[in-house]
Amino acid sequence: MHLRTLIASAATVTALATGLVAGPAQAAEDIAGCPDGGLCAYTEQWFNGTRGVVYANNTNLLQYYAFNNAQSVFNDGQDCNVRIYSGRSYTGSGVTIPRQHYFQAFAPSSPYYNNIASNKWCV
Ligand SMILES: [Ca+2]
Ligand SMILES: [Ca+2]
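Predicted model, so just to flag it, every value in this text is computed and none were measured.

### Brief notes about the overall build of the protein
So, point 1. In terms of regular secondary structure, the protein is built from two helices and eight strands.
So, point 2. Element order for the protein, N to C, with α for helix and β for strand: α-β-β-β-α-β-β-β-β-β.
So, point 3. Relative to its full complement of 123 residues, the protein shows a buried share of 28%.
So, point 4. The long-range share in the protein, meaning contacts at least 24 apart out of those at least 6 apart in sequence, stands at 63%.

### Observations regarding the sheet that holds strand β6 (residues 91-97)
So, point 1. The three strands lie next to each other as β6-β5-β8, forming an open sheet whose pairing is antiparallel. At either end of the open sheet lies a strand with only one pairing partner, and these are β6 and β8 (118-121). Mean inter-strand twist for the sheet, computed between neighbouring axes without regard to direction, equals 20 degrees.
So, point 2. Bridge count between strand β5 (residues 82-87) and β8: four bridges; the pairing is antiparallel. In the strand pairing of β8, Val82 is matched with Trp121.

### Observations regarding the nonpolar core
So, point 1. Cys40, Ala41, Ala70, Val73, Phe74 and Ile116 are the most contacted members of the largest nonpolar core, which has 22 residues in total.
So, point 2. Looking at this core, the elements with two or more residues in it are β2 (39-44), α2 (65-68), β4 (72-75), β5 and β7 (101-103).
So, point 3. Considering every element that reaches this core, the biggest residue donor is β2, with four residues.
So, point 4. Those residues within four positions of Ile116 in sequence are excluded, and the remaining contacts are Ala41, Leu61, Phe67, Ala70, Val73 and Ile84.

### Digging into the pairing of β5
So, point 1. Judged from the five bridges that link them, β5 and β6 form a sheet pairing that is antiparallel. Residue pairing in the sheet places Ile84 in a bridge with Val95 of β6.
So, point 2. The hairpin turn running from β5 into β6, its antiparallel successor, is three residues long, and Ser89 in that turn takes a positive phi close to 55 degrees.

### Quick look at unusual backbone geometry
So, point 1. Backbone geometry places Trp46, a non-glycine residue, at a positive phi of 55 degrees.
So, point 2. Mapped onto the elements, Trp46 comes out in the loop between β2 and β3 (48-54).
So, point 3. Overall, the presence of 13 C-beta atoms within 10 Å leaves Trp46 in the partly exposed class.
So, point 4. At Tyr90, a position not held by glycine, the phi torsion is positive, near 65 degrees.
So, point 5. Inspection of the secondary structure puts Tyr90 in the loop between β5 and β6.
So, point 6. Residue class for Tyr90 comes out partly exposed when judged on the 17 C-beta atoms lying within 10 Å of it.

### Points about the environment of Tyr64
So, point 1. In this structure, Tyr64 sits in the loop between β3 and α2.
So, point 2. On a C-alpha basis, the gap between Tyr64 and Gly52 in space is 7.2 Å, while along the polypeptide they are twelve residues apart.

### A few points about the environment of Trp46
So, point 1. A sequence separation of 58 residues divides Trp46 from Gln104, and the C-alpha atoms of the two residues are 4.7 Å apart.
So, point 2. Other than its neighbours up to four places away in sequence, Trp46 contacts Ser72, Gln104 and Ala105.

Reading the values: the criteria
Residues numbered from 1 in each chain as written. Chains lettered and ligands numbered in written order. Predicted model: local features only at pLDDT ≥ 70, side-chain atom pairs only at ≥ 80, totals over all residues. Helix = DSSP H or I, 4+ residues; strand = E, 2+ residues; numbered from the N terminus. Buried ≥ 20, exposed ≤ 12 C-beta atoms within 10 Å, placed from the backbone. Contact = placed C-beta atoms within 7 Å. Pairing = 2+ DSSP bridges. Axes fitted to C-alpha atoms, helices over the stretch in contact; angles between N-to-C directions. Core = buried A, V, L, I, M, F, W, Y, C linked by C-beta atoms within 7 Å.

Rendered as structure tokens:
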């Protein structure tokens, strides 16, 4: 229980420092049923709503409902980090999500809010 508290605190500090909320995933393999090896997007905060998953690089994720309406995202990759972009074909703003990490709630001001437009693995 103490460890869990420490992890939560670290995540909070990260959020305050960067304005983005990313933290170490707890029981990551079970987050909202994300298939192992996938990058999962969800249409609601905290991995709720409709889930979409991709396993490869994608130049246009906006064709997928969950990515076009993303409010949280989880990298369930087994080997690699993944970079997400607010523009198609790896353009716009980009942020790298380490393996087994997530953003649990994009702020409405985030470039990725309802708008994960492309992704590239192992960057
Ligand atoms: Ca999983
Ligand atoms: Ca959108």
